[in-house]
Amino acid sequence: MTRTQESSAHWGTFEVEVSDDGRRVLRTRPYADDPDASPAIAGVAEGQHHPLRVTRPAVRRRWLENGPGPDDRRGIPDEEYVEVEWDEALDLLAAELDRVRTAHGNRAIFGGSYGWGSAGRLHHAQGQLHRFLNVIGGYTSSINDYSRGASLVLLPHLIGKNGMEELRTRPPSWPHVAEHTDLLLYFGGMRLSNTSVIPGGHNRQVVGGLSREAARSTRIVSVSAQRDDIAADLDAAWIGIRPGTDTALLLALTHTLIDEGLADDAFLSRHTVGAERVRAYLAGEADGVAKTATWAESITGVPAPAIRDLARRAAAGRTLVNVTYSLQRAEHGEQAVFAALTFAAFLGQIGLPGGGFSHGYGSMGDHGIGVEQVRLPTFPQGRNPVDDFIPCARISDLLLHPGEELPYDGGTLRLPDIRVVYWAGGNPFHHHQDLRRLRRGLTRIDTLVVHEFHWTPTARHADIVLPAATPLERDDLAAGAGDSRLRAMPRAVAPAGEAREEFWIYDRLARRLGADHTEGLDARAWLERIYERWRGQNPESPPFAEFWSDGGTPLPQRPYRDGAFAPFRADPAAHPLDTPSGLIELFSSTLHGFGLSDTAGHALWIEPVAEADSPYDLHLLCNQPSHRLHSQLDMAAPSRSTKVAGREPIRLNPGDAAARGLQDGDVAIVRSAQGSLLAGVIVSDALLRGVAQMHTGSWFDPSAPHIADCVNGNVNVLTKDVGTSTLTQASSGARVAVSVTRYEGPVPPVRAYEPPRLSARPDRGRSTPA
């Protein structure tokens, strides 16, 4: 007999079938009533028992023999690791942390640890790490995120911090769209695979059904370089646009509203500041260039009559302007968001049901579902005594340029000298750009510590690797924002090998460092504590024992009637925004006052810098994968099913493929100014000519550097590691200029999914970790 139980991940809730002896996960599958469930669910069982599991603590041999310090060979493909007992690993790590904090201060420990390792409310990788580092004296942290880092800096200047939060938690909802919206205008597409991803996961996926219902009554237009950048069953019209030119199109749409008398002057006068400065810029008063539809046609490739027609249609009915996160992940990417907000303001529909401006449809599965968010159980992290931080996408700058200054949000940050990097629950070789540069940064630190389930690329650059228990090997709670159910996540199987819960790891480390991570409670007691504290604010929920026995408890599903900015629209004097003016700032005196060369007080078109005689003649779009979350479970069958020639594919327009002598199934070498990779070829007419596309998240494989920097198709060997701007300093990895040619030589094997060379210490007798 087998048994079946429930578990959750960031990509959804699913059933887990366990063998009769309780030792193996046989299968993971979505619920039958979840038609839009992520295909990644099927890979969880394979990942659970994969040969890549880290099953014992391991230390890089060169670090073990030579001690901490910079090492140019950190991360080489054939590096050897020595498996050690837990006591030795914990003693080594505790001694290193103590050495660094004593000699250099806690600011020399970087614990940003960006990633999506666990959906649990207790065993959340970053939360556990940050609590531990706080109790031992603090750490240099990171802020913002790779998804919307530029917007997180820009939008508070325009709509206020509270307005930014309102836009995230109460956007015009899908039910609002279905009832009120005539035109839903997507910049950057709306891919259903993105909407299966929610921090904490959801009980069931709902966005697919909500969007299909809305499409019955709402005309949807997708502005993208990819025709299939939006779900086919939404019957969207496609406007093909050259990558990186959305800002120009949005400015031309706004110019058309002004030119044809379609702008809502009453809304602009009562609810915004700076509209006249915008009008002057669009008219070309400063630079002599009017931002007309004809001007935009030469930049965007969208015909001028189509631009004018789109502006008229937007003004003729209720219109919602949505910008996906991907558009701002590029150099000057925040300008597209600024321009979209400006266009929506000139339409005058911000704050109306189903109208105005949104930023997140098609990027996350909890966006626009239309229910009030409720607080969830939370494991307290404590306070970080160290003030130093970086925007998360500037980690290579941090490691390579200690002591230097970094401009950010109108000020400057002094970069500390980092000696230890501690990473848990993430893979910077997925999230970060220009992997050559990241690897150089990692060679100059003293020690890299990683907690991992598998021998990922990050683990294979680490000096100390500690085996972490997976979500199926520990008890936890799960829920995401707007979820219908708080779910129990009971342990399905025992931890593999000597893997341990991170709660256990930090408890033992904290003891060695004279600190307290647990407050005298074990993990089960903490689960009960955070649940009962939450229940104190939700008295209708059952006691913990009943909750656990039942497998969960319903969460309130209270639809909100008014979306973002509705009270502000009704009475801006009584409900001002927390901006300097209390209004939407289409011209920000604060931004203008920063005096930055790449930012103005209003939305701005910045002409890309063209390199003369550049060999990189294709725009490569680097978007999120469909069959995995980021790089998670890239070795499992769902992700493998998308590979071509055994590695990550690149899609090419038929004309571009023919010009290069490429066809389906070929292996191509893709180059940029930053690096090179091998990719399998897919020919698709869903792309504009001159545009290529690859998914992010393929595991980095540097095993044949004489051929390419990565033979497995990790796009971040190609992308540029430059901040979006000196204002926002966010990730600019969504697109890059590349060349693509046929690879003619012997195709090297992919070694990314092989464990490293492992050896064991001479037998000292197993000890129980203290």
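Residues numbered from 1 in each chain as written. Predicted model: local features only at pLDDT ≥ 70, side-chain atom pairs only at ≥ 80, totals over all residues. Heavy atoms only, no water.

(A) Geometry of the sheet that holds strand β22 (residues 552-554). The three strands lie next to each other as β20-β21-β22, forming an open sheet whose pairing is antiparallel. Edge positions in the sheet fall to β20 (476-478) and β22, since each of these pairs with one other strand and no more. The mean angle between the axes of side-by-side strands here comes to 15°, regardless of whether they run parallel or antiparallel. In this sheet, β22 lies alongside strand β21 (residues 485-489) in antiparallel orientation, the contact comprising three bridges. If you follow Arg487 over to β22, its bridge partner there is Gly552. (Pairing = 2+ DSSP bridges. Helix = DSSP H or I, 4+ residues; strand = E, 2+ residues; numbered from the N terminus. Axes fitted to C-alpha atoms, helices over the stretch in contact; angles between N-to-C directions.)

(B) How the structure looks around the packing of aromatic side chains. For the structure shown, the criterion picks out 20 aromatic pairs. With 5.0 Å between their ring centres and 55° between their planes, Tyr81 and Trp455 make a pair best called tilted. Of this pair, Tyr81 sits in strand β5 (residues 80-83) while Trp455 sits in the loop between β18 (447-452) and β19 (464-467), and the two are 374 residues apart along the sequence. Of the residues examined, Tyr81 reaches a relative accessible area of 1% and is grouped as buried. We classify Trp455 as buried; its relative accessible area is 2%. Clustering of aromatic rings is evident, with ring pairs tying together Tyr531, Trp534, Phe544, Phe547 and Trp548. If you follow Lys291 out to its NZ or CZ, it ends over the ring of Tyr281, 4.2 Å from the centre. (Phe/Tyr/Trp six-rings, centres within 6.5 Å; stacked < 30°, edge-to-face > 60°. Buried < 20%, exposed > 50% of the residue type's maximum accessible area, 1.4 Å probe, protein only. Lys NZ or Arg CZ within 6 Å of the ring centre and 35° of its normal.)

(C) Up close: the nonpolar core. If you look at the biggest cluster of nonpolar residues, it comprises 145 residues, and the most contacted ones within it are Phe187 and Ile650. The element that contributes the greatest number of residues to this core is helix α14 (residues 334-347), accounting for eleven residues. Sequence-distant contacts of Ile650, that is, excluding residues within four places in its chain, are made with Leu620, Val670, Ala679, Gly680, Val681, Ile682, Ala692, Gln693, Met694 and Val740. Counting residues in each nonpolar core, the second largest holds 33 residues, with Leu93, Leu133, Leu466 and Ala515 among its members. (Core = buried A, V, L, I, M, F, W, Y, C linked by side-chain atoms within 4.5 Å. Contact = heavy atoms within 4.5 Å.)

(D) Summary view of the packing of helix α5 (residues 149-159) against α14. For the pair α5 and α14, interaxial distance at closest approach is 9 Å and the crossing angle is 30°. Seen from above, α5 lies across α14 with right-handed handedness. Each of Ala150, Ser151, Leu154, Leu155, Leu158 and Ile159 in α5 lies in contact with α14, whose residues at this interface are Glu334, Val337, Phe338 and Leu341. Residue composition of the contact of α5 with α14, grouped by class: eight nonpolar, one polar and one charged. (Left-handed = near helix turned anticlockwise from the far one by under 90°. Nonpolar A, V, L, I, M, F, W, Y, C, P; charged D, E, K, R; others polar.)

(E) A look at helix α4 (residues 125-135). Across the eleven residues of α4, ten count as buried, placing the element largely inside the fold. Considered for burial, the residues of α4 that qualify are Ala125, Gln126, Gly127, Gln128, Leu129, His130, Arg131, Phe132, Leu133 and Asn134. Its buried side turned inward, α4 meets α3 (86-104), β6 (109-110), β17 (420-424), α18 (502-512) and α19 (523-537). Two residues or fewer after α4 comes Gly137, characterised by a positive phi angle close to 125°.

(F) Representation of the sheet that holds strand β13 (residues 356-358) within the structure. Overall, parallel pairing links the five strands, which are arranged β10-β9-β8-β12-β13 in an open sheet. Each edge of the open sheet is held by one strand with a lone partner, namely β10 (237-240) and β13. Averaged over all adjacent pairs, the angle separating strand axes in this sheet is 20°, with direction ignored. Taken together, the four bridges between strand β9 (residues 219-224) and β10 define a ladder with parallel strand orientation. Paired with Val223 across the bridge in β10 is Ile239. Packing against the sheet, helix α13 (residues 304-316) makes contact with β8 (183-187), β9, β10 and β12 (319-323), and its axis sits at approximately 135° to β8.

(G) Main features of the packing of helix α9 (residues 246-259) against α14. At their nearest, the axes of α9 and α14 sit 8 Å apart, and the two run at 20° to each other. One element, α9, and the other, α14, form an angle in the roughly parallel class. The handedness of the crossing between α9 and α14 is left-handed. Where α9 abuts α14, its residues Thr247, Leu250, Leu251, Leu253, Thr254, Leu257 and Ile258 lie against Gln335, Ala336, Ala339, Ala340, Thr342, Phe343, Phe346 and Leu347. A breakdown of the residues in the contact of α9 with α14 according to their chemical character gives eleven nonpolar, four polar and no charged. (Parallel < 35°, antiparallel > 145°, perpendicular 65-115°, else oblique.)

(H) Inspection of unusual backbone geometry at higher detail. Positive phi outside glycine occurs at Ser113, with the angle close to 50°. In this model, Asp434 sits at a positive phi of 50°, which is unusual for a non-glycine residue. Inspection of the secondary structure puts Asp434 in the loop between α16 (428-431) and α17 (435-443). Classification of Asp434 as buried rests on a relative accessible area of 12%.

(I) Examining the pairing of strand β15 (residues 405-408) more closely. Residue alternation in β15 divides its side chains into a buried set, Leu406 and Tyr408, and an unburied set, Glu405 and Pro407. Both β15 and strand β16 (residues 411-414) contribute to a ladder of four bridges, which runs antiparallel. Pairing of Pro407 across the sheet is with Thr412, part of β16. Linking β15 to β16, which pair antiparallel, is a turn of two residues; within it Asp409 sits at a positive phi near 50°.

(J) A look at helix α8 (residues 207-215). Among the residues of α8, those classed as buried are Val207, Gly208, Ser211, Ala214 and Ala215. Axial view of α8: buried residues confined to an arc of 130°, hence all on one face. Those residues of α8 that are buried lie in contact with α7 (174-180) and β9. (Arc of directions from axis to C-beta.)

(K) Structural view of the side chain of Arg329. Along the chain, Arg329 falls in the loop between β12 and α14. An unpaired buried charge is present at Arg329: no salt bridge exists, and Asp145, the closest side chain of opposite charge, is 7.2 Å distant. (Lys, Arg positive; Asp, Glu negative; His and termini not counted. Salt bridge = Lys/Arg side-chain N within 4 Å of Asp/Glu carboxyl O.)

Treat this as a map of the structure, not an account of what it does.
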